[in-house]
Amino acid sequence: MSSSNACRESSNGCDNCLRSGNRAPVWPLERYVRTGGSPPSARLEWFPSESTQSLHPWNRMKPLPSSTQPLVILVAGIGGAIGSTLCLAVEALKSSPELVQPYLTTEGLFPDFPLVDIHVAGWDLPDALDPAAALRRHGVVPIAIQEAFLPQIASIPVFEAPSADLDLNQALNRVSRDIQTIRSRHPNAALVLVNLLPAAPQPPSIADRNALAAWYAAHPALFPDLVYVLAAIESEIPVVNFTPNAVEMDWIVDRAIQQGVPMCGRDGKTGQTFYKQVLASAWKARKLRITGWYSLNILGNADGANLMNPACARGKLANKTEILEEILGYPVLPDCHKVHIDYYPPRGDAKEAWDVIDFEGLFGLPMSMRIDFQGRDSILAAPMLMDLARWMAVLHRKGERKGLISELAFFFKKPLGADPPVSFPDQLQ
Ligand SMILES: NC(=O)c1ccc[n+]([C@@H]2O[C@H](COP(=O)([O-])OP(=O)(O)OC[C@H]3O[C@@H](n4cnc5c(N)ncnc54)[C@H](O)[C@@H]3O)[C@@H](O)[C@H]2O)c1
């Protein structure tokens, strides 16, 4: 797992390295496919890529068949590190698919939603309405890679977030009006909302929309996620919740079911929790008993800074912690599974995670392992969002699924829905 060959020239890697293909290693060629054409029995399978064929310039120039549908990803928090990286990836897909397509688990799937016909729009606060400026500010992707796509990125529609002095209905009306604007620009498109707002303190249990209106009036800026999620559901738009924020209240999920809208979440599983899940599943299968697991993360982006607020970090730390025992099926002794996140500005988006794993084998003899993971938060996250948006669009178009989709557990730290698969092999089934 150690990436000792990683570029040391800058925290984001030097342009030469990136251009010459010295990228962080990616998980090989896995992707979701449908077994018998029906999304509920979706399986994640391993098979070789046909990307060289699909990337031939001739194929790029072919007109799209009339049965295809554009997809618009609506992003709450579009000016953030992930949101702006997603904008770049969506625009790069159109003219340089080789930079993006090989990293999608849905590459080669869903021909009805072609990768070249994905669009993006969204909302952010008044000081983050320019995705090109956001890309520069976050520094996730080297300027040399951004440059070719900046003109297209400049034309991405970004709306101002509803201001905190609006009441719930006014805020919902504002977001719904913006959604209508996008619908009129892309009349035939499937729309999917992706929630990328900052991690927030978990809201109290809110019983229904009236109770939410009262609570929102008292705490307008505390949990804006619900405005976007509710507006999407009322507009019959599927929802992806990539944040650790608990938007999936019972009455909201019920409303999604009434509206025929699929939802999925919560908390994208991008780095440390992804390999923790893989390794814990493998150690369990091999009957090696985990006796302790110490996990430390350093990251220097806005998400990292925000997570220094214990109230904002609580949900994410719980998701990162609970997953281990859920996979192992036995308790790890108290204080023997620890997860820490530390804000460390020099790293920006290029996070680093260390793990010390203690385990025992025959005769109870102890062994241990160390991991040093050097990842890039938004580079890991952005392609997952394209995959998730495409899944939601397909499930919605088929009209077969509504409410929480537990089969997409592969993508989340805290998969929601009925009996989500827990171990890595189960999530591939
Ligand atoms: N990067 C990962 O690997 C990863 C993994 C799992 C979950 N997440 C979660 O994804 C979310 C986004 O991460 P990020 O790194 O892009 O964070 P970020 O802080 O860079 O972006 C959040 C964006 O939301 C905007 N925003 C704040 N309030 C808003 C409002 N009311 N309306 C519209 N926009 C608003 C901010 O201005 C900012 O641009 C976080 O909740 C994070 O915890 C990230």
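An account of the accompanying structure is given in this report. (Residues numbered from 1 in each chain as written. Predicted model: local features only at pLDDT ≥ 70, side-chain atom pairs only at ≥ 80, totals over all residues. Heavy atoms only, no water.)

**Brief notes about the sheet that holds strand β6 (residues 190-195)**
Working step 1: The parallel open sheet is built from seven strands, whose spatial order is β5-β4-β3-β6-β7-β8-β13. Each edge of the open sheet carries a strand with a single partner, namely β5 (158-160) and β13 (403-404).
Working step 2: Across three bridges, the pairing between β6 and strand β7 (residues 239-241) is parallel. Residue Val194 lies in a different strand from β7, and its bridge partner there is Val240.
Working step 3: Of the strands in this sheet, β3 (71-76) and β4 (118-124) touch helix α4 (residues 81-95), which is tilted by about 160° from β4.
Working step 4: Packed on one face of the sheet, helix α10 (residues 225-234) meets β3, β4, β6, β7 and β8 (262-265) and runs near 165° to β6. (Pairing = 2+ DSSP bridges. Helix = DSSP H or I, 4+ residues; strand = E, 2+ residues; numbered from the N terminus. Contact = heavy atoms within 4.5 Å. Axes fitted to C-alpha atoms, helices over the stretch in contact; angles between N-to-C directions.)

**Some words on the packing of α4 against helix α5 (residues 131-138)**
Working step 1: It is at 9 Å that the axes of α4 and α5 come closest, and there the two elements cross at 120°. Viewed along their axes, α4 and α5 form a crossing whose handedness is left-handed. On α5, the residues touching Ala81, Ser84, Thr85, Cys87 and Leu88 of α4 are Pro131, Ala134, Leu135 and His138.
Working step 2: Partitioned by chemical class, the residues of the contact of α4 with α5 number six nonpolar, three polar and no charged. (Left-handed = near helix turned anticlockwise from the far one by under 90°. Nonpolar A, V, L, I, M, F, W, Y, C, P; charged D, E, K, R; others polar.)

**Some thoughts on the pattern of salt bridges**
Working step 1: Taken as a whole and assessed by the stated rule, the structure comprises 13 salt bridges.
Working step 2: Residues Lys94 and Glu91 are paired through a salt bridge, measuring 3.3 Å at the closest nitrogen-oxygen approach. Highlighted residues: Lys94 and Glu91, both in helix α4, separated by three residues, approximately one helical turn.
Working step 3: Its relative accessible area of 7% is what places Glu91 among the buried residues.
Working step 4: Across the pair Asp178 and Arg177 runs a salt bridge whose closest N-O atoms are separated by 4.0 Å.
Working step 5: Within this structure, Arg174, Arg177 and Asp178 form a network of salt bridges that share partners. (Salt bridge = Lys/Arg side-chain N within 4 Å of Asp/Glu carboxyl O. Buried < 20%, exposed > 50% of the residue type's maximum accessible area, 1.4 Å probe, protein only.)

**Quick notes on the nonpolar core**
Working step 1: Among the nonpolar cores identified, the biggest contains 56 residues, and Leu71, Ile73, Val240, Met386 and Leu408 are the most heavily contacted of them.
Working step 2: Elements with a minimum of two residues in this core: β3, α4, β4, α5, β6, α12 (272-285), α15 (377-398) and α16 (424-428).
Working step 3: Residue contributions to this core peak at 12 residues, all from α15.
Working step 4: If you look at the next biggest cluster of nonpolar residues, it comprises 41 residues, including Phe159, Ile179, Leu191 and Tyr228. (Core = buried A, V, L, I, M, F, W, Y, C linked by side-chain atoms within 4.5 Å.)

**With respect to the sheet that holds strand β9 (residues 289-299)**
Working step 1: One open sheet accounts for four strands, arranged β10-β9-β11-β12; its pairing is mixed. Edge positions in the sheet fall to β10 (337-343) and β12 (366-374), since each has one partner strand and no second. With strand direction ignored, the average angle separating the axes of adjacent strands in the sheet is 10°.
Working step 2: In this structure, strand β11 (residues 352-360) lies alongside β12, joined through nine bridges in antiparallel fashion. Within the sheet, the bridge partner assigned to Asp355 lies in β12 and is Ile371.

**A short note on the site of the ligand**
Working step 1: Surrounding the ligand, one finds 27 residues, the nearest of these being Ala81, Asp124, Leu197, Tyr228 and Thr270.
Working step 2: Contacts to the ligand include Tyr228, whose side-chain N or O atom sits 2.7 Å from a nitrogen atom.
Working step 3: The contact in question runs from an oxygen atom of the ligand to an N or O atom on the side chain of Asp303, over 2.9 Å.
Working step 4: Coverage of the ligand by the protein chains reaches 92% of its 860 Å² of free accessible surface.
Working step 5: For the shell around the ligand, the per-class residue count stands at 14 nonpolar, seven polar and six charged. (Near = heavy atom within 4 Å. Polar contact = N/O pair within 3.5 Å; in protein donor to acceptor, adjacent residues only side chain to side chain. Areas by Shrake-Rupley, 256 points an atom, 1.4 Å probe, with all protein chains shown as cover.)

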